[in-house]
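Here's the letter readout for the chains.
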Amino acid sequence: MKRILYRISRWILASMGFTVVASCSKDNGFKAEYGAPYCTYDVKCKIVDSQTKAPVDGLSLLPGSMYSYVDQYGANKEIFRDFSYPVTGSTQGVYLLKGMFSGWDNEYYGQMFIKMHDLDTNANGNYKDTVYIVPLKFVGEAEGTWYNGKYVEDITLEATCLQSDKK
């Protein structure tokens, strides 16, 4: 009796194994993938002084996104979340920003934020730290499930010099 029960259980286990393997091979309209939707960007950004319109070097530009929320005390708060490392090198005030951002980082694919910071206030004047909203143009087609395309922009931004601190 024990022997018959052992043979029956082996057949049941073997048929369950085949069922599991067969069910995994079917598509069933669902595709298992790992990752997150993302876009690439290529932004050429020229920074000029807001009064003299002269190119400004020595700044740090950091691409990212902004989030607003209300904290537990009812105060409005904003958080800047960067996409990558800051871009500091420039030629005649032109900064090249390249990289990618997640579709979940930006509420709108058609824009990004650039945070400007003056690295050396004594070298080129003391410029106010500012966050700019930069509209982006869609130029590349989305490929596959996760890549949502390429965005570019060629923009000129004005930096405000703090006159009281300027030498």
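Given the structure is predicted, the values throughout are model-derived calculations rather than measurements.

1. Quick notes on the pairing of strand β8 (residues 147-159)
Phase 1 of the analysis: Taken together, the 11 bridges between strand β1 (residues 38-49) and β8 define a ladder with parallel strand orientation. Paired with Tyr38 across the bridge in β8 is Tyr147.

2. Regarding the nonpolar core
Phase 1 of the analysis: Judged by nonpolar contacts, the single largest core of 25 residues is most densely connected at Val43, Cys45, Ile47, Leu61, Leu97 and Met116.
Phase 2 of the analysis: Going through the elements one at a time, β1, β2 (59-70), β4 (94-102), β5 (111-118), β6 (130-135) and β8 are the ones with two or more residues in this core.
Phase 3 of the analysis: Sort the elements by how many residues they give to this core and β1 lands first, with 5 residues.
Phase 4 of the analysis: Leave out the neighbours within four places in its chain, and Val43 touches Tyr95, Leu96, Leu97, Met112, Ile114, Leu136, Glu153 and Ile155.

3. Concerning a nonpolar patch on the surface
Phase 1 of the analysis: A grouping of Ile4, Ile8, Ile12, Leu13 and Met16 is seen on the molecular surface, where their side chains present a nonpolar patch of about 500 Å² in accessible area.
Phase 2 of the analysis: The residue Met16 is located in helix α1 (residues 2-25) in this model.

4. Considerations on the sheet that holds β6
Phase 1 of the analysis: The sheet built from 4 strands is open, its strands ordered β3-β2-β5-β6 with antiparallel pairing. Either end of the sheet is taken by a strand with one partner, and the two such strands are β3 (76-82) and β6. Each adjacent strand pair in this sheet contributes to an overall mean axis angle of 45 degrees, direction not counted.
Phase 2 of the analysis: Summarising the sheet, β2 and β3 pair through 7 bridges and their orientation is antiparallel. Note that in β3 the partner of Met66 across the bridge is Phe80.

5. Regarding the environment of Thr52
Phase 1 of the analysis: Positionally, Thr52 belongs in the loop between β1 and β2.
Phase 2 of the analysis: For the pair Thr52 and Cys161, spaced 109 residues apart in sequence, the C-alpha separation works out to 10.0 Å.

6. Some details on the environment of Asp154
Phase 1 of the analysis: With respect to the secondary-structure elements, Asp154 resides in strand β8.
Phase 2 of the analysis: Classification of Asp154 by relative accessible area gives exposed; the value is 56%.
Phase 3 of the analysis: Between the C-alpha atom of Asp154 and that of Lys137, which follows or precedes it by 17 residues, the distance is 9.5 Å.

7. A word on the environment of Ser60
Phase 1 of the analysis: Summarising the element assignment, Ser60 is placed in strand β2.
Phase 2 of the analysis: What makes Ser60 buried here is its relative accessible area of 9%.
Phase 3 of the analysis: C-alpha separation for the pair Ser60 and Tyr85, spaced 25 residues apart in sequence, amounts to 9.8 Å.
Phase 4 of the analysis: Contact partners of Ser60, with chain neighbours within four places excluded, come to Pro86, Val87, Thr88, Lys115, Met116, His117 and Leu119.

Definitions and limits used
Residues numbered from 1 in each chain as written. Predicted model: local features only at pLDDT ≥ 70, side-chain atom pairs only at ≥ 80, totals over all residues. Heavy atoms only, no water. Pairing = 2+ DSSP bridges. Helix = DSSP H or I, 4+ residues; strand = E, 2+ residues; numbered from the N terminus. Core = buried A, V, L, I, M, F, W, Y, C linked by side-chain atoms within 4.5 Å. Buried < 20%, exposed > 50% of the residue type's maximum accessible area, 1.4 Å probe, protein only. Contact = heavy atoms within 4.5 Å. Patch = residues over 30% accessible without salt bridge, like charges linked within 9 Å, V, L, I, M, F, W, Y side chains within 5 Å. Areas by Shrake-Rupley, 256 points an atom, 1.4 Å probe, with all protein chains shown as cover. Salt bridge = Lys/Arg side-chain N within 4 Å of Asp/Glu carboxyl O. Axes fitted to C-alpha atoms, helices over the stretch in contact; angles between N-to-C directions.

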